Each structure stands twice: as C-alpha cells, then as structure tokens.
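# Overview (structure and organization)
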Amino acid sequence: MSETMKMVNLREIWGMVRKTDTYRTEKKKGAADMAEEAKAQGAVDTAEEAKAAEAVNTACEANAAETEATAEAGKLVNEMRLCFLSRGENESLARIAVAGFIACLDPAMDVLDDIRTAVSEAVTNAIIHGYQGRKDGIVYLSAFLYEWGEHGRLLRVDVEDTGIGIENIEKAMEPLYSTSPDGERAGMGFTFMKAFTDRLEVESKPRLGTCVSMWKEVAVPEAFYEEE
C-alpha cells in the first residue's frame, strides 16, 4: 500500500487537475459557448455540427444527473479526479491510481484485476482512438465510491477525452472492430470493458470527444465495515 502511494502522489495529481482549467470548464460550458469555441477552431462550420456541440453539453448534464441519482441510491463515500497527457506510459498511472483508490476496501484479487483491465482498456482507447496517437491530448479520469447494499461499495470510473469522437457507437462496440491508424489493434477494447465490469456506458460525438463510464460492485470485508 505504501509503495503504491509513493508511486501515485495524489496531492500532486490533484494540483495538476486544478491547474487544468478545461477539466471543470468543459463540463459547465453552455451549448452556445461550445459551438462558438468550436467554430473558432474550425471544428464546427455548419448548423448541424453546432447542434452536435449542444448535444454533447446535454449529455454532460445528463451524466451529472445520473451521478446524482446514483448518489441518492447509495451515499457517496469518496471520489478522485485526475488528468494526464495522452501518452502510452500514463495507462499504467491510471491503473495504479484506481487500484490505490479502492485499496482501503481490500478487494478480492479477481475484482481488482477486472477493474485494472477495464481501466487500462478505456485509457488505451482514449489515447489510440480518441487522440489518434497524439501525445498532447488530455485524458480525464474520475472515480467514485458509493455505499451499495448492506456490506458493499459501488465503484464508478469515468474516462473522458476531447478527441475525434465515435460516429457509430454500436458499431465501435462490436468485437474485432477497430479504427486504429496503424491497423494493429485487435478491436476488443469495449468487449473487455463490458466483460470485466457490471455495467458499461459510452457517450460520444464526432470531433468532440468520448466519455466511457464503468460500474463495478466491490464487496467490503466485515472487519472494514465494523471499523467505520
């Protein structure tokens, strides 16, 4: 546990998140602001694409509302947010961060491995497909723990990017389907995410980005529950 915490200095990570203005502002922008900014960057040049920007804003609001609804079903116990560049080496950072986030629950090894695998696939998707291998994109990772049942926790992990987005989510989630620029990816990312979590949801808009949300139930040892 101590070695993991040394590898992931959460205080420094949180400082990085706070310094990254886009993390909060992208969630709070109105549809008009998003459309105007996209036009200035040359990303939106038609009324139809402007509507897409508005749809993304609506999806973000719905996402936030769903988080609140989950919180009503079970009290929010803890949360973590961080962001990092779309570099391959940061995939391991994401796995370690989420594993450290739930380490206090002493999860079963198979559950921990499932979560690590799902997070790894989601982050890799953002880097390879969302940003097409660019190393200057920003990947946003959020994790939430809710009370779940009598002796459990519900983990939710969101992995977001502002890359090229997905035109056809249903098609993208088919096994062996891949848009990897080098053609070397197996196309099993979403298949693995779905297999190793209890629930998977994907929100995306072409040229505006993708948000992958994953849920996993984590049993809590009785000793831990009694300590609370």
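Read on for a plain summary of the structure.

Right, let's talk about helix 7 (residues 109-130) for a bit. Taking 1.5 Å as the rise per residue, helix 7 with 22 residues should run 32 Å; its terminal C-alpha atoms sit 30 Å apart, in good agreement. Burial analysis of helix 7 places 16 of its 22 residues in the buried class, the great majority of the element. Q132 sits one or two positions beyond helix 7 and adopts a positive phi of about 55°.

Most of strand 2 (residues 138-147) sits out of view: 8 of its 10 residues are buried. Of the strand pairs in this sheet, strand 2 and strand 3 (residues 152-161) are connected by 8 bridges, and their pairing is antiparallel. Of the residues in strand 3, the one forming a bridge with S142 is D158. Where strand 2 hands over to strand 3, the hairpin turn is made up of 4 residues, of which G149 adopts a positive phi near 70°.

Now for the pairing of strand 4 (residues 199-205). Burial along strand 4 is one-sided: L200, V202 and S204 are buried, while R199, E201, E203 and K205, pointing the other way, are not. Here 7 bridges tie strand 4 to strand 5 (residues 209-219), and the two strands are oriented antiparallel to one another. For V202, the partnering residue across the bridge sits in strand 5 and is V212. Hairpin connection, strand 4 to strand 5: the antiparallel pair is bridged by 3 residues, and R207 has positive phi, about 70°.

A word on the sheet that holds strand 4. Here 5 strands make up an open sheet; going across it, the order is 1-2-3-5-4 and the pairing antiparallel. Whereas interior strands pair on both sides, the edge strands pair on one side only; in this sheet they are strand 1 (76-85) and strand 4. Adjacent strand axes in the sheet meet at a mean angle of 15°, parallel and antiparallel pairs treated alike. With 9 bridges connecting them, strand 1 and strand 2 associate as antiparallel partners. Across the sheet, M80 pairs through a bridge with A143, a residue of strand 2. Packing of helix 7 onto the sheet brings it into contact with strand 1, strand 2, strand 3 and strand 5, and relative to strand 5 it is tilted by some 175°.

Here is what the cut-offs are and how they apply
Residues numbered from 1 in each chain as written. Predicted model: local features only at pLDDT ≥ 70, side-chain atom pairs only at ≥ 80, totals over all residues. Heavy atoms only, no water. Helix = DSSP H or I, 4+ residues; strand = E, 2+ residues; numbered from the N terminus. Expected span 1.5 Å × (residues − 1). Buried < 20%, exposed > 50% of the residue type's maximum accessible area, 1.4 Å probe, protein only. Pairing = 2+ DSSP bridges. Axes fitted to C-alpha atoms, helices over the stretch in contact; angles between N-to-C directions. Contact = heavy atoms within 4.5 Å.

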